[in-house]
Amino acid sequence: MSTQAPAPTRREQILKEAARLFAERGFHGVGVDEIGAAVGISGPGLYRHFAGKEAMLAELLVGISGRLLTGGKRRTAEAAQAGDAPAVVLDSLIEGHIDFALDDRPLIILHDRELDRLRDTDRKLVRSLQRQYVELWVEVVRQVYPGLVEADARACVHAVFGLLNSTPHLGRPGALPGREATAALLHRLALGAFGAAHAPDGGAHTSDSSAHPSDALDR
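### Digging into the nonpolar core
If you look at the biggest cluster of nonpolar residues, it comprises 59 residues, and the most contacted ones within it are Phe22, Ile35, Met56, Trp137 and Phe194. Of all elements in the fold, only α1 (10–25), α2 (32–39), α3 (53–82), α4 (86–103), α5 (105–114), α6 (120–144), α7 (150–164) and α8 (179–195) reach the threshold of two or more residues within this core. In terms of residues, this core owes the most to one element, α3, which gives 10 residues. Here Ile35 is in contact with Ile14, Ala18, Leu21, Phe22, Val30, Leu46, Lys53 and Met56, once residues within four sequence places are set aside.

### Quick notes on the packing of α1 against α2
Remark: α1 packs on α2, axes separated minimally by 9 Å, with the N-to-C direction vectors making an angle of 125°. Considering the angle they form, α1 stands oblique to α2. Handedness of the α1/α2 crossing: right-handed. Contacts between α1 and α2 involve Arg10, Gln13, Ile14, Glu17, Ala18, Arg20, Leu21, Phe22 and Arg25 from the first element and Glu34, Ile35, Ala38 and Val39 from the second. Of the residues belonging to the contact of α1 with α2, the class tally is 7 nonpolar, 1 polar and 5 charged.

### Here we look at the packing of aromatic side chains
Using the criterion set out here, one finds 5 aromatic pairs in the structure. Between the aromatic rings of Tyr133 and Trp137, the centroid separation amounts to 6.0 Å while the plane-to-plane angle is 70°, which identifies the pairing as edge-to-face. One end of the pair, Tyr133, and the other, Trp137, are both in helix α6, 4 residues apart, so they sit about a helical turn from each other. Judged by relative accessible area, Trp137 falls into the buried class, the value being 0%. With 6.4 Å between their ring centres and 35° between their planes, Trp137 and Phe194 make a pair best called tilted. Separated by 57 residues along the polypeptide, Trp137 in helix α6 and Phe194 in helix α8 bring together distant segments of the chain. Judged by relative accessible area, Phe194 falls into the buried class, the value being 0%. One aromatic cluster is present, formed by Tyr133, Trp137, Phe161 and Phe194 through successive ring pairs. Sitting over the face of the ring of Phe50, Arg11 holds its NZ or CZ atom 4.1 Å from the ring centroid. If you follow Lys53 out to its NZ or CZ, it ends over the ring of Phe27, 4.5 Å from the centre.

### Notes on the pattern of salt bridges
With the rule as written, the count across this model stands at 14 salt bridges. Of the charged contacts, one joins Arg20 and Glu17 as a salt bridge, the two residues approaching to 2.7 Å between their closest N and O atoms. Here Arg20 and its partner Glu17 are both found in helix α1, 3 residues apart, which amounts to about one turn of the helix. In this structure Arg20 comes out as partly exposed when scored by relative accessible area, which is 31%. Across the pair Asp120 and Arg123 runs a salt bridge, and its minimum N-O distance is 3.1 Å. You can see Asp120 and its partner Arg123 sitting in helix α6, 3 residues apart, about one turn around the helix. Judged by relative accessible area, which is 21%, Arg123 ranks as partly exposed.

Cut-offs applied
- Sequence order as written defines the numbering, with residues in each chain counted from 1.
- The predicted nature of this model means local features are confined to residues of pLDDT at least 70 and side-chain atom pairs, given and counted, to a pLDDT of 80 or more, with totals for whole chains, interfaces and linings taken over all residues.
- Computation of side-chain values covers all heavy atoms of the structure but excludes hydrogens and water.
- Nonpolar cores were defined as sets of buried Ala, Val, Leu, Ile, Met, Phe, Trp, Tyr and Cys residues, with membership established by side-chain atoms within 4.5 Å.
- To sort residues, take the accessible area from a 1.4 Å probe on protein chains only and compare it with the maximum for the residue type: under 20% means buried, over 50% means exposed, and anything in between is partly exposed.
- Strands here mean DSSP runs of E at least two residues long; helices mean DSSP runs of H or I at least four residues long; both are numbered from the N terminus.
- When checking whether two residues touch, look at their non-hydrogen atoms; a contact exists if any pair is within 4.5 Å.
- For helices, the fitted axis covers only the stretch in contact; all axes are lines through C-alpha atoms, and the angles between them, taken along N-to-C directions, range from 0 to 180 degrees.
- With respect to orientation, any angle under 35 degrees is reported as roughly parallel, any angle over 145 as roughly antiparallel, any angle of 65 to 115 as roughly perpendicular, and every other angle as oblique.
- Crossings are sorted by hand: turned counterclockwise from the far helix by less than a right angle, the near helix makes the crossing left-handed, and turned clockwise it makes it right-handed.
- Residues are grouped as follows: Ala, Val, Leu, Ile, Met, Phe, Trp, Tyr, Cys and Pro are nonpolar; Asp, Glu, Lys and Arg are charged; all remaining types, including Gly, are polar.
- Pairs were defined over the aromatic rings of Phe, Tyr and Trp, the Trp ring being its six-membered one, requiring ring centres within 6.5 Å. Orientation was assigned from the angle between planes: stacked under 30 degrees, edge-to-face over 60, tilted for the rest.
- Lysine NZ or arginine CZ positioned within 6 Å of the ring centre and within 35 degrees of the ring normal marks a charge as sitting over the ring.
- Here, a salt bridge means any side-chain nitrogen of Lys or Arg that lies within 4 Å of a carboxyl oxygen of Asp or Glu.

So this is what it looks like as structure tokens:
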């Protein structure tokens, strides 16, 4: 039985090239004709798939936020069904986010630079999806580290996202270890960051902060 992934659709090809070009040159530095040329169709032909560049940007940023949340929910549900320990669930969440951080680096750059260009409704949707993704992690982290107060757990989750989402800034292509070695390193660093959330005396911090950062892609 073949396990080969299905070929990307034309729409997926357009989004992939748009993300790459937007990340390399900025949203306003890329024209519709250039995106079309990258996938072998005319610029005007793109309008059969998208209303314009703004629609592409919205689908990219809303889409990745939704995929992260859906993937996180799937991993936690599968772990619960298998009766896995919370630490195993956390491992699975970390692995999923590392896949995103290594394979979708243009989207991290886009989020950093271009989120404010979205319409208010799309930006609010991105933030809502991201908050849900954060809280999914917070629940698991507090199961692994029950002495960690909620505010500290949330801060740790954001710190780990920042660590994992640093991949676009780790060096030029080819300057890093291979993908497997980089993924393993990031995994160890993420687990180390959560472990360091405990105070030197072995107890958890008791932060009174009630801040609720909403940016799951923040770096």
